[in-house]
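# Structural description and commentary
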Amino acid sequence: MTARRTTTGNLLTLAEVLDELRVPRSTFFRWKATGRAPRTIKYPNGSLYVRRRDLDTWLNDHEEAA
């Protein structure tokens, strides 16, 4: 599954991240509350974004050895 790029360049919306990770919003926020989610950026209007490179790093860090 490929993430669509936002108009903000290398930032993904929360919806795009949830779609790529295939997890519900509640799971993501549980991960966030326990410090296990990818780093997020919170805009003053409350919108959450994730840098593409931060999501890729997070995915690499959670990759299991074969």
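First things first, this report covers the structure right here in the doc. (Residues numbered from 1 in each chain as written. Predicted model: local features only at pLDDT ≥ 70, side-chain atom pairs only at ≥ 80, totals over all residues. Heavy atoms only, no water.)

## What about the overall build of the chain?
When helices and strands are tallied, the chain shows three helices and three strands. Taking all 66 residues of the chain together, the buried fraction comes to 33%. In the chain, 40% of the contacts between residues at least 6 apart in sequence involve partners at least 24 apart. About 4700 Å² of surface is accessible on the chain, with carbon and sulfur atoms providing 48% of the total. (Helix = DSSP H or I, 4+ residues; strand = E, 2+ residues; numbered from the N terminus. Buried < 20%, exposed > 50% of the residue type's maximum accessible area, 1.4 Å probe, protein only. Contact = heavy atoms within 4.5 Å. Areas by Shrake-Rupley, 256 points an atom, 1.4 Å probe, with all protein chains shown as cover.)

## With respect to the nonpolar core
In terms of nonpolar packing, the biggest core is built from 13 residues, with Val17, Leu21, Phe28, Trp31 and Leu55 touching the most fellow members. Contributions of two or more residues to this core are made by α1 (14–21), α2 (25–33), β3 (48–51) and α3 (52–61). Tallying contributions element by element places α1 first for this core, with four residues. Beyond its immediate sequence surroundings of up to four residues, Phe28 is in contact with Leu14, Val17, Leu18, Ala37, Pro38 and Thr40. (Core = buried A, V, L, I, M, F, W, Y, C linked by side-chain atoms within 4.5 Å.)

## Describing the packing of α1 against α3
Close contact between α1 and α3 brings their axes to 12 Å; oriented N to C, the two are set at 25°. If you check the angle between α1 and α3, you find them roughly parallel. Crossing geometry of α1 relative to α3 is assigned as right-handed. When α1 is examined against α3, the residues Val17, Glu20 and Leu21 are found in contact with a partner set consisting of Arg52, Leu55, Trp58 and Leu59. (Axes fitted to C-alpha atoms, helices over the stretch in contact; angles between N-to-C directions. Parallel < 35°, antiparallel > 145°, perpendicular 65-115°, else oblique. Left-handed = near helix turned anticlockwise from the far one by under 90°.)

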